[in-house]
Amino acid sequence: MLKALLRRKPKPAAPIDTATIPDGRRVYAIGDIHGRRDLLDLLLDRIEEDDRTRGAADTHIVFLGDLMDRGPDSAGVIDKAIEVSRRLGENAHFLMGNHEEVYLGAASGDEKLVRFFCKIGGRETILSYDIGPQEYNELSMEELAARMPTLLPREHVEFVSSFKDRIVMGDYAFVHAGVRPGVPIDQQRPSDLRWIREDFIMDEAPHDKLIVHGHTITDDVEECSNRIGIDTGAYMSGMLTALALEGGERWYIKTGQ
């Protein structure tokens, strides 16, 4: 009770059309990939070309989470993300999505979490590693859970474990799912940042930062006064979207067009 009374209220963010990124910086935020390595390769090529044509800048790439599940090559997406991380160093940022959270739980071999993992698209992730459909189908859930700690490469698990819950740059905050309305960005619970949906999506009040997020699929980019959603359902639509920001400008780069 006392903690709730003492919690400071967030200051409203700059409106969407006046929000800015620090001078000299250029940011590309990539929406939910969900195992589409083919689309990620294409989008990164387009980002590289866009970045080159715009001239020198301190360029950052932010992955908004949900790299894996549903699509056919989650292992390949993680490999590519590791490659980007090594190339860009501290200028590559990776956010923990709800699918990363479940992936890490399943990697421990917890049978209940493995069952849930498979239910939300983890079957496709598992099949992108060293196991074929026939072997997968012949395993009981108990046997599959026992295989998980060795089936998912340690390098991949350790990399995903390093993902952050939020990235703040200038007037923008980058998260996977959204934020709990009325709570400052630095006091948000990881569970909300990774899983929240309706309470965030339906809220029109300003947050203390302009929120850039994925997690909730829309046919195209969704720009609102307090948030920008860029999960365009890549695994089924073929459209993987990146939001680009520099100074007070914003633009979009997409596949499938």
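Look a little higher up for the structure.
Residues numbered from 1 in each chain as written. Predicted model: local features only at pLDDT ≥ 70, side-chain atom pairs only at ≥ 80, totals over all residues. Heavy atoms only, no water.

Novice: Report on the sheet that holds strand S6 (residues 210-213), specifying residues and quantitative values.
Specialist: Reading across the sheet, the five strands line up as S4-S5-S6-S8-S7 and stay open at both edges, with mixed pairing between neighbours. The open sheet is flanked by strand S4 (167-169) and strand S7 (222-223), the only strands paired with a single partner. Bridging between S6 and strand S8 (residues 227-229) involves three bridges; their strand directions are parallel. Bridge pairing in S8 links valine 212 to isoleucine 228. (Pairing = 2+ DSSP bridges. Helix = DSSP H or I, 4+ residues; strand = E, 2+ residues; numbered from the N terminus.)

Novice: An account of helix H5 (residues 111-127) is needed here, citing residue identities and associated values.
Specialist: The end-to-end C-alpha separation of H5 is 17 Å, well short of the 24 Å expected for 17 residues at 1.5 Å each. Remark: the principal bend of H5, roughly 95°, maps to glycine 121. Here H5 has its buried residues at Val114, Phe117, Cys118, Ile120, Gly121, Gly122, Thr125 and Ile126. Residues of H5 that are buried in the fold lie against helix H3 (74-88), helix H4 (98-107), helix H6 (133-138) and helix H7 (141-151). (Expected span 1.5 Å × (residues − 1). Bend = angle between axes of the 7 residues up to and from the residue. Buried < 20%, exposed > 50% of the residue type's maximum accessible area, 1.4 Å probe, protein only. Contact = heavy atoms within 4.5 Å.)

Novice: Provide a residue-level description of the pairing of strand S1 (residues 25-30), including the pertinent values.
Specialist: In summary, the side chains of a regular strand alternate between the two faces of the sheet. Buried residues dominate S1, accounting for five of its six residues. Strand direction decides the pairing type here: S1 and strand S2 (residues 58-63), joined by six bridges, are parallel. The partner of alanine 29 across the bridge, within S2, is valine 62. For the crossover from S1 across helix H2 (residues 37-53) to S2, the handedness is right-handed. As paired elements, S1 and strand S9 (residues 241-246) share five bridges and run antiparallel to each other. Residue pairing in the sheet places tyrosine 28 in a bridge with alanine 244 of S9. (Right-handed = clockwise from strand over helix to strand, strands pointing away.)

Novice: So what's going on with the nonpolar core? Which residues, and what values?
Specialist: Among the nonpolar cores identified, the biggest contains 48 residues, and Ile30, Ile47, Phe63, Tyr103, Ile126 and Met148 are the most heavily contacted of them. When residues in this core are grouped by element, the largest group, six residues, is from H3. With sequence-adjacent residues up to four places away left out, isoleucine 47 is seen in contact with Tyr28, Ile30, Ile61, Ala242 and Ile253. Ala19, Val212, Ile230 and Leu243 belong to the second largest nonpolar core, which has 19 residues in total. (Core = buried A, V, L, I, M, F, W, Y, C linked by side-chain atoms within 4.5 Å.)

Novice: An account of the environment of arginine 26 is needed here, citing residue identities and associated values.
Specialist: Summarising the element assignment, arginine 26 is placed in strand S1. Each C-alpha atom, one on arginine 26 and one on glutamate 204, is 27 Å from the other, the two residues being 178 residues apart in sequence. Other than its neighbours up to four places away in sequence, arginine 26 contacts Asp51, Arg54, Gly55, Ala56, Ala57, Asp58, Thr59, His60, Leu245 and Glu246. A distance of 3.2 Å separates a polar side-chain atom of arginine 26 from the backbone oxygen of arginine 54. (Polar contact = N/O pair within 3.5 Å; in protein donor to acceptor, adjacent residues only side chain to side chain.)

Novice: Requested: an account of the packing of aromatic side chains, with residues and values cited.
Specialist: In this structure the tally under the stated criterion is seven aromatic pairs. Its guanidinium or amino end placed over the ring of tryptophan 251, arginine 54 lies 3.6 Å from that ring's centre, counting from NZ or CZ. Its guanidinium or amino end placed over the ring of phenylalanine 200, arginine 227 lies 5.8 Å from that ring's centre, counting from NZ or CZ. (Phe/Tyr/Trp six-rings, centres within 6.5 Å; stacked < 30°, edge-to-face > 60°. Lys NZ or Arg CZ within 6 Å of the ring centre and 35° of its normal.)

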